[in-house]
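# Chains, contacts and geometry: an overview
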Amino acid sequence: MGTTIETDAQLPGKPPALEISKVTKGFAHRRRGFQQVLGEVSFSVDEGEFISIIGPSGSGKSTLLKLIAGLESPDQGHVRLTDEQIAAPSRRLGVVFQQHVLLPWLTAKQNVLFALQAHGASRRSAAERESLAEHWLGLVQLSEAQDLKPGELSGGMQQRVGIARAFALESEVLLLDEPLGALDALTRHALQLQLLRLSEQQRRTFVLVTHDVDEALLLSDRILVLSHGPQARIQQDLRVPFRRPRDRTAIESSEDYLTLRRELLESLTAQP
Amino acid sequence: MLSACTSGAPTGSGTASAGLRPIPAAEADLEQREITIGFFPITCSSPIVNAAAMSIFEQYGLDVTLRRYTGWAELWIAFVAGEVDATQFLAPMPLAIHHGFASGQRALRLPYVTNTNGNGITVSQRLAGQMSGPGDFRGLRLGLPFDYSVHNLLARDYLVSGGLDPEEDVDLRIMRPADMVTALAVGEIDAFCLPDQFNQRAVAEGVGFIHVLTKDLWADHPCCSFAVAEDFAAQNPNVYMALLRAIGESALYVDDPEHRADTAALMSQPAYLGLPEPVLNSVLTGDFPDGTGNEHSIPDRIGFQPYPHESYGIWILNALQRWGLTGDHSFTTGAEYSRAVSEVFDSQSAGSVLSDFGGVTDERTEETVLGAPFNPQRPAEWSERL
Amino acid sequence: MTTTPRALQHRARRERTVFQLKSAGGMVLFAASFIAIWHVATAGYEDGGLAPTPLASGQRLIEVLSSAFVHNPPNEVGIVFHLAASLQRVVLGFGMAALVAIPLGLLLGTSRVIHDALDPVIQVLRPVSPLAWLPLGLALLRDSQATAIFVIFMASLWIILVNTIDGVRRVNPLYLDLARTLEATTANRVLRVLLPAALPGVVTGLRTALSTAWLVIVAAEMIVGDRGMGTFVWTEWNAMNINSMVVAILVIGVTGLVLDRSIAQLHRLIPAN
């Protein structure tokens, strides 16, 4: 394993929305010395495509996402967003963090508004921004809670604010770093459906990092499996063939689903 | 610690009065040998400090520890609380402490004034050439050492003599004497009325000039005093008398013009006053520059005749009352004044010791303060005349 | 989810009232026993009022308060003017210290390089007793008013600075990641994210600094200053009005409490949108 698998659905002439090529990343530890977290990782994502990156814990999934987001820079290789090389965080890449990362002194709506005006030069008027924030909070069913502060919201509501904030930015690419990982099973289940609906309504490019095989299968067009670290690589690139709009019950009872699921689980538990 | 013998100091201190010197009390007669005496490091304390420096206390069988204080209020509290039973005080303080004019009362005896004169009003160099009399203090800030001080009382009457109301026209500021030369230098105060060495120190530092010596406001006025707690003196009569002999002998030694320069050298040592010798020398010998370019020779700039004249006490008591510093006490007739003063002033003990040594013991019947005669029999008349 | 039933609110309010009554009762009890112990402790002295009794101090308190607004300068000034003078010095010195220390703390908290360069200086100057700056200030500034403010400035500066740096260090790094992904402007990043997030540390610094400043001003005014609580203490002491010390302690203490409570309210001032 460990060889890069090129995607097979690239149209000639049209550049991929996101291209990660030959990226490596390591960290210096005081005691253990230099740890190469990511080996050479390459893949690309087409415009409008929803891909998931799954891997065993400690495989460097979140590091990979941070590299894409520009929050970390790769030791080698590069990340390209259509025509532009990513060297620093950009509003073209929206991030939904693992923890909700809402500013606790602002209400839900103020958190979304802050994201809309933080870079200073907004082409929208204050009123437009306000209705945009309300619109997105409405789409995640938080209209009634928009004036509450994060401390007054449940974990699931907090994460929905985070999602609304990322969508409201209208970034070309949305990076989701285990957004539902910290939630209880019931809430996670409901939010997965909400995310599915949003991603099918919105024509965006999505990169989701998760450790949940069912979540990846439900949401993605493609699933990349990272090998066990250190020097993690992409060991598998699976196409998820289910038709959209998807219906959870229908998918989960299909033969393909069970086959893909088994394949992914085997791949995840395989010894490096 | 200060009772240690100092080499180089003249022993047999009674050069002038050797023949009259009484035989020191036998150690066996003393109720106790060890005693702590409070003092304030200024030239006024010379008789007390010199008695330690020249081992005079030892010759009378006493083992004296001198304890240094730099704030008069601290010293007041220390005495009332019993930390010291014998101490130097500003002359008005024993009257106030004994009669309970303010917080902190303790019965006491005042056998001696430690010095006469030895004070002055010093003005900042910035005002050089602008001060001709008390009226020129209008609007200035004048530093004073303590409410219960002759400095406070005399300075106020001096300002009154220039047509000023000290409460309204002058900013009177009580400060720690040790801080006042610096305060004068940086312009925080414009002038101060203090005991020496501070006046001469301000001249030496180039920050002020001596505007007037208080001896010119009231010749031979009292400044500091020596007081002993009544309970201590009653329980230790022999110690009390031994203290009086030692300090009396020391005071008369220091008072002798022949000994002033030697005393200045001795007192300047860090163990005693720890002040610059030229400054002490100027104060004690009376040969000094005044900060305006003039040199003076005034041998009685400071005196050390310790007899506690009743007239001193009566003027002080009258002034305290006029400036509202006697609490709920009030004195009207000469007899009331005289009773209040004689309760405190132990002129009898002082007289018997000092006459043995050949010191002054004649009661003064009249004072001249700010140019007006002060009759201790009729104290109220003086302020009316002013 | 947010509509608490009215009954619940009522119960919560009632419980709060009972709790407040209990603490108030405890406070009265404590104050009463304190005064009783004070009375017993000072009743035994026959020292002409050197040790202040509760009764004498109470009488003095009434005297001082009834002449609180007397304004007959230079030598007769009510306690209100002393208090105002002290507060003015503290507000000036403390305010200037905050204006310098908070921005500097935000800078040092975020920049490792500048922090490591300046840290030795801070660590050397920080433990210096504020009053040690007094002679230096007097020598340099040649003005007692400016010196008193300078001493307060020095007393407050290091405390606010060190706590601000600490507050910045404790900020959740994800907040800063968020600001980066939003391409927040420097002003927005510092004022809308870093400062509010570091505010607990900043407020702790301000509170500690203000109580220290208030502590120091009284001491400083005993040496310099023509008006102020320290001057009041010093003058009353030199007039041997020991009962006034109790009044001064009460006024100084209550003012300190009010100052501390008001600065603690800064938590509420975090900027919203």
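Treat the numbers as computed from the prediction; the structure is a model and nothing was measured. (Residues numbered from 1 in each chain as written. Chains lettered and ligands numbered in written order. Predicted model: local features only at pLDDT ≥ 70, side-chain atom pairs only at ≥ 80, totals over all residues. Heavy atoms only, no water.)

### Some thoughts on the packing of aromatic side chains
For any pair of aromatic rings, the description rests on two quantities: the centre-to-centre distance and the angle between the ring planes. All names here are of chain B. Under the counting rule described, the total for this entry stands at 20 aromatic pairs over all chains. Connected via pairs of aromatic rings, a cluster forms that spans W218, Y312, W315, F374 and W382. Above the plane of the ring of F79 lies R106, whose end atom (NZ or CZ) is 4.9 Å from the centre. Lying over the aromatic face of F288, R301 brings its terminal NZ or CZ to 4.2 Å of the ring centre. (Phe/Tyr/Trp six-rings, centres within 6.5 Å; stacked < 30°, edge-to-face > 60°. Lys NZ or Arg CZ within 6 Å of the ring centre and 35° of its normal.)

### What to know about the sheet that holds strand 7 (residues 141-144) of chain B
Residues and elements named next belong to chain B. Within the open sheet, the five strands sit side by side as 8-7-9-6-10. Their pairing is mixed. Pairing within the sheet leaves two strands with one partner each, and these edge strands are strand 8 (171-174) and strand 10 (208-213). Shown here is a sheet whose adjacent strand axes are inclined to one another by a mean of 25 degrees, direction ignored. Bridging between strand 6 (residues 119-124) and strand 10 involves five bridges; their strand directions are antiparallel. Bridge assignment links V123 to a residue of strand 10, and that residue is F209. Along the sheet face, helix 7 (residues 177-185) touches strand 6, strand 7, strand 9 (191-195) and strand 10 and points at about 150 degrees away from the line of strand 9. (Pairing = 2+ DSSP bridges. Helix = DSSP H or I, 4+ residues; strand = E, 2+ residues; numbered from the N terminus. Axes fitted to C-alpha atoms, helices over the stretch in contact; angles between N-to-C directions. Contact = heavy atoms within 4.5 Å.)

### Considering the UniProt feature "domain: ABC transporter" (unreviewed entry) in chain A
In the UniProt entry, the feature "domain: ABC transporter" (unreviewed entry) is given for residues 18-253 of chain A. Secondary structure across residues 18-253 of chain A divides into 32% helix and 27% strand, with the first and last C-alpha atoms of the span separated by 32 Å. (UniProt positions renumbered as here; feature names shortened; annotations may be inferred.)

### Looking at the packing of helix 5 (residues 150-161) of chain B against helix 13 (residues 310-322) of chain B
Residues and elements named next belong to chain B. Viewed as axis vectors pointing N to C, helix 5 and helix 13 meet at an angle of 70 degrees, and their least axial separation amounts to 10 Å. As far as their axial angle goes, helix 13 and helix 5 are roughly perpendicular. The two elements helix 5 and helix 13 cross, and the hand of that crossing is left-handed. Listed contacts from helix 13 to V150, L153, L154 and D157 of helix 5 are W315, I316, A319, L320 and R322. (Parallel < 35°, antiparallel > 145°, perpendicular 65-115°, else oblique. Left-handed = near helix turned anticlockwise from the far one by under 90°.)

### Some remarks on a nonpolar patch on the surface
Residues and elements named next belong to chain C. A cluster of nonpolar residues, L99, V100, L104, L107, V113, I114, L118 and V121, forms a patch on the protein surface that exposes about 670 Å² of accessible area. Contributing elements (two or more residues each) for the nonpolar patch: helix 3 (79-110) and helix 4 (112-125). In this structure, L107 sits in helix 3. (Patch = residues over 30% accessible without salt bridge, like charges linked within 9 Å, V, L, I, M, F, W, Y side chains within 5 Å. Areas by Shrake-Rupley, 256 points an atom, 1.4 Å probe, with all protein chains shown as cover. Salt bridge = Lys/Arg side-chain N within 4 Å of Asp/Glu carboxyl O.)

### Focus: the interface of chain C and chain B
One widely used convention gives an interface's size as the accessible area the parts lose upon coming together. Taken together, the contact between chain C and chain B spans 24 residues of the former and 30 residues of the latter. Buried area between chain C and chain B, summed over both chains or domains, comes out near 2,200 Å², and the portion from carbon and sulfur atoms is 55%. Looking at the side of chain C facing chain B, the largest losses of area belong to N75, N238 and M240 of chain C, adding up to 27% of the total buried there. At the boundary of chain C and chain B, one finds zero salt bridges. At the surface where chain C touches chain B, the tally comes to three residue pairs in polar contact (both at pLDDT 80 or more). Top contributing element to the side of chain C that touches chain B by residue count: helix 9 (residues 229-238) of chain C, with three residues. Taken together, the residues that form the side of chain C that touches chain B break down as 11 nonpolar, nine polar and four charged. (Buried area = accessible area lost by both parts, 1.4 Å probe. Polar contact = N/O pair within 3.5 Å; in protein donor to acceptor, adjacent residues only side chain to side chain. Nonpolar A, V, L, I, M, F, W, Y, C, P; charged D, E, K, R; others polar.)

### Details of the environment of A145 of chain A
All names here are of chain A. Within the element layout of this structure, A145 appears in the loop between helix 3 (126-139) and helix 4 (155-168). Residue A145 is classed as buried on the basis of its relative accessible area of 2%. Along the backbone, A145 and L219 are 74 residues apart, and their C-alpha atoms lie at a distance of 27 Å. In this view, A145 contacts A108, L153 and M157; residues no more than four positions away in its chain are not counted. (Buried < 20%, exposed > 50% of the residue type's maximum accessible area, 1.4 Å probe, protein only.)

### Focus on helix 1 (residues 61-69) of chain A
Counting buried positions along helix 1 of chain A gives seven out of nine residues, so the element sits mostly inside the fold. With its phi angle positive at about 85 degrees, G70 of chain A sits one or two positions after the end of helix 1 of chain A.

### What to know about the arrangement of the chains
The pair of protein chains exhibiting the most contacts, out of two pairs of chains in contact, is chains A and C. The two units chain A and chain B are non-contacting; their minimal C-alpha-C-alpha distance is 49 Å.

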